[in-house]
Amino acid sequence: FRTPLLTLAAIPLSLLATFLVFRWFGFSINVMTLGGLAVALGELVDDAIVDVENIFKRLKENAKLPEAEQAAFANVIFEASSEVRGAIINSTIIVIMVFAPLFALSGIEGRLFVPLGVAYIVSILASTVISLTVTPVLSYYLLPKSGAVRGANDSLTVRFLKRLFTPIVRFSMTQLGFIVALSTTLLMVAF
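Please read all numbers here as calculations on a predicted model, not as lab measurements. (Residues numbered from 1 in each chain as written. Predicted model: local features only at pLDDT ≥ 70, side-chain atom pairs only at ≥ 80, totals over all residues. Heavy atoms only, no water.)

### Things to note about the nonpolar core
If you look at the biggest cluster of nonpolar residues, it comprises 9 residues: Ala-40, Leu-44, Val-95, Phe-99, Leu-102, Leu-116, Tyr-120, Ile-121 and Ile-124. Put simply, the parts of the chain that give this core at least two residues each are helix H3 (31-44), helix H5 (73-99) and helix H6 (107-142). The biggest single contributor to this core is H6, with 4 residues. Sequence-distant contacts of Leu-116, that is, excluding residues within four places in its chain, are made with Met-32, Gly-35, Gly-36, Phe-99 and Leu-102. Residues Val-52, Phe-56, Ala-80 and Leu-143 belong to the second largest nonpolar core, which totals 8 residues. (Core = buried A, V, L, I, M, F, W, Y, C linked by side-chain atoms within 4.5 Å. Buried < 20%, exposed > 50% of the residue type's maximum accessible area, 1.4 Å probe, protein only. Helix = DSSP H or I, 4+ residues; strand = E, 2+ residues; numbered from the N terminus. Contact = heavy atoms within 4.5 Å.)

Here's what the structure looks like:
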């Protein structure tokens, strides 16, 4: 329950930061800016999910160690968050670069799509800042006390999914599996 809570905290904080930036720079909130926020909504939690999942994994690994060898929660969270920090920043830069050409539009197209691009980019940047600052702090307060971190076993759902997908993943990693996957993909694209 705490892991989804941590990742969902990024949405209202990112939207609040976006609205504050719009207010500071005098942008209006209209249909296109709301459209940009709607498009960005799915991505607002991505950075936080990557961060929380890695922190959760490292805390779980740390909990499995003998007590004498366990590191402090703060150190584990810092190291886990630092591991994925570069990937989070790089993915954000790539997404911003994809939306950058919108700012080259002129005329009516520019007036329509520039606010969408600004809303999208500002909300993604806010999400990145939140995932690098707020998410590790919330993880420090919520995850170490979680029974899922201290528990040695996966949940029933995770065990079922692992049992279901492990053979599929192993098959796909073989040469025959690669050929089957590639052929299936090509057939789906062709039709």
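### Notes on the confidence of the model for the protein
Scored by pLDDT, the protein comes out at a mean of 83, with 91% of its residues at no less than 70. Ranking the elements of the protein by mean pLDDT puts helix H1 (residues 2-8) last, at 60, and helix H9 (residues 175-190) first, at 92. (pLDDT = per-residue confidence, 0-100.)

### A short note on the pattern of salt bridges
Taken as a whole and assessed by the stated rule, the structure comprises 2 salt bridges. The salt bridge involving Glu-61 is made with Arg-58; its shortest N-O contact spans 2.7 Å. Separated by 3 residues within a single helix, Glu-61 and Arg-58 lie in helix H4 (residues 46-64), roughly one turn from each other. When its relative accessible area of 25% is taken as the criterion, Arg-58 is described as partly exposed. Between Arg-58 and Glu-83 there is a salt bridge, and its shortest N-O distance comes to 3.1 Å. One end of the pair, Arg-58, is in helix H4; the other, Glu-83, is in helix H5, and 25 residues separate them in sequence. By sharing partners, the salt bridges in this structure join Arg-58, Glu-61 and Glu-83 into a single network. (Salt bridge = Lys/Arg side-chain N within 4 Å of Asp/Glu carboxyl O.)

### A few points about the packing of aromatic side chains
Aromatic rings considered in pairs are described by the distance between their centres and by the relative angle of their planes. Evaluation of the coordinates by the stated rule reveals 2 aromatic pairs. Each ring, one from Phe-99 and one from Tyr-120, has its centre 3.9 Å from the other, and the planes form 15°; the classification is stacked. Placement of the pair is Phe-99 in helix H5 and Tyr-120 in helix H6, with a sequence separation of 21 residues. Like Phe-99, the residue Tyr-120 is buried in the burial classification. With 5.2 Å between their ring centres and 75° between their planes, Tyr-140 and Tyr-141 make a pair best called edge-to-face. Given the relative accessible area of 38%, Tyr-140 is considered partly exposed. (Phe/Tyr/Trp six-rings, centres within 6.5 Å; stacked < 30°, edge-to-face > 60°.)

### Some points on the packing of H4 against H5
Close contact between H4 and H5 brings their axes to 8 Å; oriented N to C, the two are set at 150°. Of the possible angle classes, the one that applies to H4 and H5 is roughly antiparallel. When you trace H4 past H5, the crossing you get is right-handed. Residue-level contacts link Asp-47, Val-50, Asp-51, Asn-54, Ile-55, Arg-58, Leu-59 and Asn-62 of H4 to Phe-73, Val-76, Ile-77, Ala-80, Ser-81, Glu-83, Val-84, Ile-88, Ser-91 and Thr-92 of H5. (Axes fitted to C-alpha atoms, helices over the stretch in contact; angles between N-to-C directions. Parallel < 35°, antiparallel > 145°, perpendicular 65-115°, else oblique. Left-handed = near helix turned anticlockwise from the far one by under 90°.)

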